[in-house]
Amino acid sequence: MTLTQPFFQHALLAGTAIAAAAGLIGYFLVLRAQVFTGDALSHVAFTGALAALAIGVDPRLGLFVATIGVALLLGVLGRRGRPDDVAIGNVFSWILGLGVFFLTVYTTSRSAVNGNAGVSVLFGSIFGLSTSQAVTAAVIAGLVCVAVVIVARPLLFASIDEAVAAARGVPVRLLGFAFLALVGACAAVATQAVGSLLILGLLAAPAGAAQRLTDRPYRALALSAGLAILEMWAGLALSSTVPKVPPSFGILAAATAVFATAVIVGPRRMPAGAAR
Amino acid sequence: MTDLQQMWVFPFMVNAFRAGTIVAVVAAVVGWFMVLRRQSFAGHTLAVVGFPGAAGATLVGLSTTYGYFAFCVTAAVVLGLIPRVGPDADGLESALTGTIQAFLLACGFLFAALYKGLLGGVTALLFGSFLGITAMQVWVLLVVAIAVLVVLAAIGRPLLFASIDPDAAAGRGVPVRLLSMLFLVVLGAAVAGASQITGSLLVFALLVMPAATAQAITASPRLGLALSIAFAVVVTWVGLIAAYHSPYPIGFFVTTLAFAGYVLARLGRLPLRTVGAVA
């Protein structure tokens, strides 16, 4: 029975916490129309992990330094802590190029290394987590969740009506940066589960579905996290029953199916601007 | 100089230069419109869906060329069908784009996992390789490039109008939606052609960087397009030469050079902007 095997329990523990964090962060990414930022940071995660491997330190260190650092940099390049899409495109293309450089350095300079390191960073290896890796991932993802819940109220206000929020004394710019740092941390921790190329799905799909299903911000926020967790479980279950299916694909397939259903059969909502 | 001459002895380098030049010109022109229309996210998504296309084609035993075109062009049509309603549709549109991108990449990973022999080739599909480009590939690339450029030349003027002021263009009877769809398909075709050489992840660099640099320097379409092309071609050539002489991949050199150019152009613009000379 797979349920009792340690690798599956590790995946379940880390996966659940990561999904919750991605669901919460993703809701704000979609609300703020910053999904592209999440995409860019996921590519930065690739470079961060490989840079760390190339110089011989824990890849997780590289992940967090790179994603949070670039998240803040993107905020500086944009206005009011909101990145601009052309600047994002330029920055992450370059960083991706840097990632290939580190991949070459890593695979050519260190003998007897795992030749598929690049592939596993890109697509994740949630079934390969050790106990300590799973616990660390769960703790960090949990902290991201707590931080999102703490800033949720002002961040919601600042995301929906930035000008009014600023006039009422909400520190819009600071919130923008804090949020970007959280997106960076979330991208870093999610890389281990679904890989740097696929994080985007975990960020965008549950949040998009939740927004489609309800107008109420807090309900949508909770729904987004809930859907992400269920999709994570469904994906893990699928790939443990059908071993040929990689877990990352199972998770993404579940997330996409839920989003597609929500778009097709969900209630026809008025555009939020017209409803208010 | 003898070094450069030596390089030309190898047919694969000659093919690499031919293919690289074609890719650079097409990417620079299509990218210029993409940057103008702020469709970088869509462009990036179209670029990466070539990967599952190629992996899927390999799995069923077809040439990767078919996979690239089938996936990139189909994805372009799907993205073009996503309705843009109301000012708040941005969130849903980007959520859909992101989900399509991540799901198709996951499919690519599944195909690669099912076809065991491909796993080592994943990196090549994603990051490209300038070695081993065949003369056949160069011909396919040339045909695609000419088709893309002809279509763009035909729709260039109305597309420019629709990109700069969609409301006014729609008011004057320009078919904005149709143009938007056509442009995405052209983008998809350009990307599919280029991905075979540069890999799915790096074609986007050639789309966005030269174009963004050119637009930071000038607002004039003619001059901008010319600058974008010149910059893309120079960056590709220098990247090829550097990659030939070093153990590091071409993608690193191309992106680093192009990014340096972009940063310089942006920095050069700052003093102008402060005096208000540039709108």
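Just so we're clear, the structure is a prediction, and the values are computed from it rather than from any experiment.

**A closer look at the overall build of chain A**
Item 1. A count of helical and extended segments in chain A gives 12 helices and zero strands.
Item 2. In chain A, the succession of helices and strands from N to C terminus is α-α-α-α-α-α-α-α-α-α-α-α.
Item 3. With the principal axes as the frame, chain A shows a C-alpha extent of 60 × 45 × 30 Å.
Item 4. Carbon and sulfur atoms form 68% of the exposed surface of chain A, whose accessible area is close to 10,400 Å².
Item 5. The averaged location of the 8 negative side-chain charges in chain A is 6 Å from the averaged location of its 16 positive side-chain charges.

**Section: the pattern of salt bridges**
Item 1. Counted under the stated rule, the structure contains two salt bridges over all chains.
Item 2. For D58 of chain A, the salt bridge identified is with R60 of chain A, shortest N-O distance 3.2 Å.
Item 3. Between R38 of chain B and D85 of chain A there is a salt bridge; the shortest N-O distance is 3.3 Å. Placement of the pair is R38 of chain B in the loop between α2 (11–36) and α3 (40–48) and D85 of chain A in helix α4 (residues 85–109), with the two residues belonging to separate chains.

**Overview of helix α10 (residues 217–241) of chain A**
Residue and element names in this part refer to chain A.
Item 1. Compared with the 36 Å implied by 1.5 Å per residue over 25 residues, the 36 Å span of α10 between its first and last C-alpha is a close match.
Item 2. Every buried residue belonging to α10 is among A220, L221, S224, A225, L227, A228, I229, E231, M232, G235, L236 and S239, and all of these are buried.
Item 3. Those residues of α10 that are buried lie in contact with α1 (6–31), α6 (131–160), α9 (199–213) and α11 (247–265).

**Remarks on the interface of chain B and chain A**
Item 1. On the chain A side, the residues contacting the 49 residues of chain B number 51 residues.
Item 2. Where chain B abuts chain A, roughly 4,200 Å² becomes buried across the two surfaces, and 79% of that area is made up of carbon and sulfur atoms.
Item 3. Counting every contact that joins chain B to chain A gives one salt bridge.
Item 4. Summed over the shared surface of chain B and chain A, the result is five residue pairs in polar contact (both at pLDDT 80 or more).
Item 5. Mapped onto the side of chain B that touches chain A, the elements with two or more residues apiece are α3, α6 (89–114), α7 (122–127), α11 (203–217) and α13 (250–275) of chain B.
Item 6. The element that contributes the greatest number of residues to the side of chain B that touches chain A is α6 of chain B, accounting for 18 residues.

**Here's the deal with the packing of α10 of chain A against α11 of chain A**
All names here are of chain A.
Item 1. Following both chains from N to C, one finds α10 and α11 inclined at 135°, their axes separated by 7 Å at the closest point. Between α10 and α11, the angle is such that the two are oblique. The element α10 and its partner α11 pack so that their crossing is right-handed. Residue-level contacts link L227, E231, M232, A234, G235, L236, L238 and S239 of α10 to P247, G250, I251, A254, A255 and V258 of α11.
Item 2. Here the contact of α10 with α11 is composed, by residue class, of 10 nonpolar, three polar and one charged.

**Re the environment of A112 of chain B**
Residues and elements named next belong to chain B.
Item 1. Take A112: it is sitting in helix α6.
Item 2. On the accessibility criterion, A112 (0% relative accessible area) is buried.
Item 3. For the pair formed by A112 and P52, sequence separation is 60 residues and the distance between their alpha carbons is 8.5 Å.

**What about the nonpolar core?**
Proteins that are soluble and globular tend to have nonpolar side chains buried together.
Item 1. If you look at the biggest cluster of nonpolar residues, it comprises 197 residues, and the most contacted ones within it are I25 and F123 of chain A together with V30 of chain B.
Item 2. At 15 residues, the largest contribution of residues to this core is made by α1 of chain A.
Item 3. When residues no more than four places from it in sequence are discounted, the contact partners of I25 of chain A are V144, V148, F179, L182, V183, C186 and L203 of chain A.

**Considering unusual backbone geometry**
Item 1. Even without a glycine there, the phi angle at A33 of chain A is positive, about 55°.
Item 2. Its place among the elements puts A33 of chain A in the loop between α1 and α2 (35–55).
Item 3. Residue R38 of chain B is not a glycine yet carries a positive backbone phi of 55°.
Item 4. Given the relative accessible area of 46%, R38 of chain B is considered partly exposed.

**A few points about the packing of helix α4 (residues 50–60) of chain B against helix α5 (residues 64–81) of chain B**
Residues and elements named next belong to chain B.
Item 1. At their nearest, the axes of α4 and α5 sit 7 Å apart, and the two run at 140° to each other. Comparing the axis directions of α4 and α5 gives the class oblique. Here α4 and α5 pass one another in a crossing that is right-handed. Where α4 abuts α5, its residues G50, F51, P52, G53, A54, A57 and T58 lie against T64, G67, Y68, F71 and C72.

**A closer look at the UniProt feature "transmembrane region" (unreviewed entry) in chain A**
Residues and elements named next belong to chain A.
Item 1. Under the UniProt annotation, the feature "transmembrane region" (unreviewed entry) is placed at residues 12–31, 38–55, 61–79, 86–106, 137–157, 177–205, 217–236 and 248–266.
Item 2. Taken end to end, residues 12–31 comprises 100% helix and 0% strand; its first and last C-alpha atoms sit 28 Å apart.
Item 3. For residues 86–106, the end-to-end C-alpha separation is 30 Å, with 100% helix and 0% strand making up the annotated structure.

**With respect to the confidence of the model for chain A**
Residues and elements named next belong to chain A.
Item 1. Mean pLDDT over chain A stands at 86; residues scoring 70 or higher make up 91%.
Item 2. The secondary-structure element of chain A with the lowest mean pLDDT is helix α12 (residues 272–275), recorded at 39, while α10 shows the highest, at 93.
Item 3. The model gives residues 270–276 a pLDDT under 50, and that stretch makes five contacts with residues more than four places away or in other chains.

**Side note on the side chain of T256 of chain A**
Item 1. Here T256 of chain A lies in helix α11.
Item 2. T256 of chain A gets classed as buried once you look at its relative accessible area, which sits at 15%.
Item 3. Each residue touching T256 of chain A, except ones within four places of it in the same chain, is listed here: T99 and F103 of chain B.

**Re helix α3 (residues 59–77) of chain A**
Residue and element names in this part refer to chain A.
Item 1. The end-to-end C-alpha distance of α3 is 27 Å, a good match for the 27 Å that 19 residues give at a rise of 1.5 Å each.
Item 2. For α3, the complete set of buried residues consists of G62, L63, F64, A66, T67, V70, A71, L74 and G75.
Item 3. The N-capping residue of α3, defined by a side-chain oxygen 2.9 Å from the backbone nitrogen of R60, is D58.

About the criteria used
- Residues numbered from 1 in each chain as written.
- Chains lettered and ligands numbered in written order.
- Predicted model: local features only at pLDDT ≥ 70, side-chain atom pairs only at ≥ 80, totals over all residues.
- Heavy atoms only, no water.
- Helix = DSSP H or I, 4+ residues; strand = E, 2+ residues; numbered from the N terminus.
- Areas by Shrake-Rupley, 256 points an atom, 1.4 Å probe, with all protein chains shown as cover.
- Lys, Arg positive; Asp, Glu negative; His and termini not counted.
- Charge placed at Lys NZ, Arg CZ, Asp CG, Glu CD.
- Salt bridge = Lys/Arg side-chain N within 4 Å of Asp/Glu carboxyl O.
- Expected span 1.5 Å × (residues − 1).
- Buried < 20%, exposed > 50% of the residue type's maximum accessible area, 1.4 Å probe, protein only.
- Contact = heavy atoms within 4.5 Å.
- Buried area = accessible area lost by both parts, 1.4 Å probe.
- Polar contact = N/O pair within 3.5 Å; in protein donor to acceptor, adjacent residues only side chain to side chain.
- Axes fitted to C-alpha atoms, helices over the stretch in contact; angles between N-to-C directions.
- Parallel < 35°, antiparallel > 145°, perpendicular 65-115°, else oblique.
- Left-handed = near helix turned anticlockwise from the far one by under 90°.
- Nonpolar A, V, L, I, M, F, W, Y, C, P; charged D, E, K, R; others polar.
- Core = buried A, V, L, I, M, F, W, Y, C linked by side-chain atoms within 4.5 Å.
- UniProt positions renumbered as here; feature names shortened; annotations may be inferred.
- pLDDT = per-residue confidence, 0-100.

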